[in-house]
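In case you want the letters, here they are:
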Amino acid sequence: MSLINPDDSLERQNEKLLQISHALMRRVEQKTEQSGFAYQQFERAALLESEVRDRTRDLERTLDLLQDSNARLEQANRETENAQANLTEAIETINEGFALFDQDDRLVLYNSRFCRDLQDVEPLLKEGLTFKDYVNYISTSRFLALPDGQTADEWARLRLERHREEHVVFNVSLIWDRWLQASEHRTSRDGTVILQTDVTDIIRMERQERDKMRHQEARKLQATLDHLNQGVCIFDHDKTLVGWNKRMDRLLDIAPIRLRDTLNFDDLMEQFREELVFDTSFPAERFINWTNRTRTREPIAFEVTRKGEQIYSIFAQEMPDRGFVISLTDVTSERAATRALSEVNERLEGWVEERTAELEEALSEAERANASKSRFVAAASHDLLQPLSAAKLFVSSIADQTDNRSIKQVVAKTETALQGVEQIIEALSAISKLDAGKAVFDVQPVSLTEIFNPLRDELAPTARAKGLTFSLVHSGLTVVSDPGYLRRIVQNLLSNAIRYTDEGRVLAGVRRVGDFARIEVWDTGCGIPEKDQGAIFQEFKQLAPGAANAGLGLGLAIVERACKGLRHPLELWSKPGTGSCFSLMVPASAPAARLLDPHRATPSNALRDLSGLLVMLVENNRSVAQAIMHLIESCGGEVILAETGEEALETISEIDLVPDVFLLDYQLGTGMTGVELYEDILWRYGDVPAAIVSADRTTELRAHCKRLGLKLLAKPVNAQRVCDFLSEGYRPAMADFT
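Remember, predicted model here, so these are calculated numbers, not experimental data.

Calculation rules
- Residues numbered from 1 in each chain as written.
- Predicted model: local features only at pLDDT ≥ 70, side-chain atom pairs only at ≥ 80, totals over all residues.
- Heavy atoms only, no water.
- Buried < 20%, exposed > 50% of the residue type's maximum accessible area, 1.4 Å probe, protein only.
- Helix = DSSP H or I, 4+ residues; strand = E, 2+ residues; numbered from the N terminus.
- Arc of directions from axis to C-beta.
- Contact = heavy atoms within 4.5 Å.
- Pairing = 2+ DSSP bridges.
- Axes fitted to C-alpha atoms, helices over the stretch in contact; angles between N-to-C directions.
- Phe/Tyr/Trp six-rings, centres within 6.5 Å; stacked < 30°, edge-to-face > 60°.
- Parallel < 35°, antiparallel > 145°, perpendicular 65-115°, else oblique.
- Left-handed = near helix turned anticlockwise from the far one by under 90°.

### What to know about helix α3 (residues 131-139)
Within the sequence span of α3, burial applies to F131, Y134, V135, I138 and S139. Along the axis of α3, the buried positions cluster into a sector of 135 degrees, meaning they face one direction only. Its buried side turned inward, α3 meets β1 (97-101), α4 (152-162), β4 (178-186) and β5 (192-198).

Have a look at this one:
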């Protein structure tokens, strides 16, 4: 238990210790026991006195520290008061109203300019005022000019909503056309600083500048309107005339003095009801109703007539402020020109129809004549070839039955003449097909080596016989064309070059030009004048018809038509006395797939072994069927023959066995076609190997076969191709069997 109360001050504790010390000394002096108890008490008192002195020194040091701390605190308080006074003076020097709210939205500091323009709010400001009360005071101030249609409560609610934003700047309208700009910012301790700035002068200046700019824009707009060829008038949302141009005055003969600001659309319309005649499709009431419409107006356009002479085109459109603008255009001249043009067009259409009918009749007559010519040539060619063949056989038999040299020479000359006739007939037949558009082109990858090598062997002897140097440069390119027609084109060009070159050389080769191969045939012949270069492609046209080496005059005609049908551009360069060059551009392709003739497969050493293969052959031509049957059976296969698709399906049903491979002719008489038969087989028996055999080379048949996965073998069929297909079609079945 302590003798000293620690809650007492240091002075009180020292006082108590001294009293205790004096009391102890008195007791020691009063007691005289012999036992020495007094001396012990004396020693104890001396010890306590020493402790008291130590404690007193500690207390003195503590008091010194306390006094020093009190002095520093007093100094800090003075500095705080000075800082607060400086802050107060600083915010008072600000030309704007200033207020500071703490994190609890209570007013802690403001200057004398804050709310000075709201004289009924200024006396209510005091420290601790809440932000909500501050806003309510302003909203109910008689100096605040509330926006139209807005109450004080609504204004206060909107102001408090903006208080949630981080930074707020807005203008407040006061009475007597005065304005305050209030800016609100957050402090680092989540307090709020509000600045109030008088922006009356700025807003008034901006208003003046805006009015000035509006006046300038109005002048520019008026100048623009006056520059227009259309009459223009502008009405506001109350249908009051607010703008027009001079063209409107002239169009309607209106005196400018009558156009006042108070002129209403209905008044203006009433003045012209008698002069303006509206069309029945758009009466005046409809136009008036459009101007009276309260909802959105869609643009309208119509025409009116004035005084029975002038025609005005009227266009009306709504403006953003619910006003509208009307434009009038005098289209009297345009409508008169339109009527005149319409009359001219009607007359021209009549003339064109008459002329078109005449031309169509002439074209039909020409087409009939051309078709008749083509049919005649085709029929004549077919009919002439039969007796021509017989004549050649008879002439050949005469040569075999006599040893007379003179007779043999006559026979040889006769055979040569008959061969020339045969060439003419074949050329005429080819030209007839090309002209009639009946030529069938089998376009595919073609190796130029397979075109050039046979022609080199065929034509080189003829060139050597004339003493010419003949060169056909080898080319490994592959092109996309019809093999037969391409060979004939190059053959005719080379034959012509040799025929019309008396000395020098004939050279043919290929140049690669981008994605094309340009086949060129050069000669050192007489050349062709420019004026005759177009005529040489006509039938039977020869520049030197009396020459001994002259041809038939059909070779270049065939070349020109075949190149046109194959879309191989044909060009000619020639210089009289120097020579000529014929060239054609043929698309090049990758050399992977090379095939000269669609009827000739890649040669193989022997026909395939078809032992154990059962083939269904559907062919209505007996001779062709017998030839194919003989071919298959000679290779070890077996054949089931049917002449129609119906017979083939009935046969399969009877034997209850599906053949391994189907060979189907496309044209099977009046019944189903080979493709239709295959579709039926596919539906009944599933996917089986099959091929269509046909002389039809149309793209439609090819596309149909490709879509069904059918092999197409073109007639006349080649034995090797038939055996190759049968072995390929049989291979999957063999794999399944093993």
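### Looking at the sheet that holds strand β9 (residues 300-306)
Judged by pairing direction, the sheet is antiparallel, and its six strands sit side by side in the order β7-β6-β11-β10-β9-β8 without closing on themselves. One side of each edge strand has no neighbouring strand; the edge strands of this open sheet are β7 (241-244) and β8 (276-278). Ignoring which end each strand starts from, the neighbouring axes of this sheet average 30 degrees apart.

### Regarding the sheet that holds strand β21 (residues 661-665)
Across the sheet, five strands lie side by side as β20-β19-β21-β22-β23; this open sheet has parallel pairing. Looking at which strands have only one partner, the edges of the open sheet turn out to be β20 (638-642) and β23 (711-714). Direction aside, neighbouring strands of the sheet carry axes that sit 20 degrees apart on average. Of the pairings in the sheet, the one linking strand β19 (residues 614-618) to β21 comprises four bridges and is parallel in character. Opposite L617, over in β21, you have L663 as the bridge partner.

### Focus: the packing of aromatic side chains
Ring pairs (aromatic) are described by centroid distance and by the angle formed between their planes. For the structure shown, the criterion picks out 12 aromatic pairs. Taking the centre distance of 5.6 Å and the plane angle of 25 degrees together, the rings of F114 and Y134 count as stacked. Of this pair, F114 sits in the loop between β2 (107-110) and α3 while Y134 sits in helix α3; the two residues are 20 residues apart in sequence, bridging distant segments of the chain. The residues F114 and Y134 share a single accessibility class, namely buried.

### Brief notes about the packing of α3 against α4
Two numbers describe how α3 lies on α4: the axes approach to 9 Å, and their chain directions differ by 140 degrees. Classified by the interaxial angle, the pair formed by α3 and α4 is oblique. Pair α3 / α4 crosses with right-handed handedness. Contacts between α3 and α4 involve F131, K132, V135, N136, I138 and S139 from the first element and A152, W155, A156, R159 and L160 from the second.

### Quick word on the pairing of β5
The two faces of a sheet get side chains in turn, since along a regular strand they alternate between them. Within β5, five of the seven residues are buried, leaving the element largely enclosed by the surrounding structure. Bridge analysis of β1 against β5 gives five bridges, and the strand direction is antiparallel. By the bridge assignment for β5, A99 is matched with I194. Looking at chain direction, β4 and β5 are connected through seven bridges and run antiparallel. From the neighbouring strand, S183 faces β5, where its bridge partner is L195. The hairpin formed by β4 and β5 contains five residues between the paired strands, and D190 there has a positive phi angle of roughly 65 degrees.

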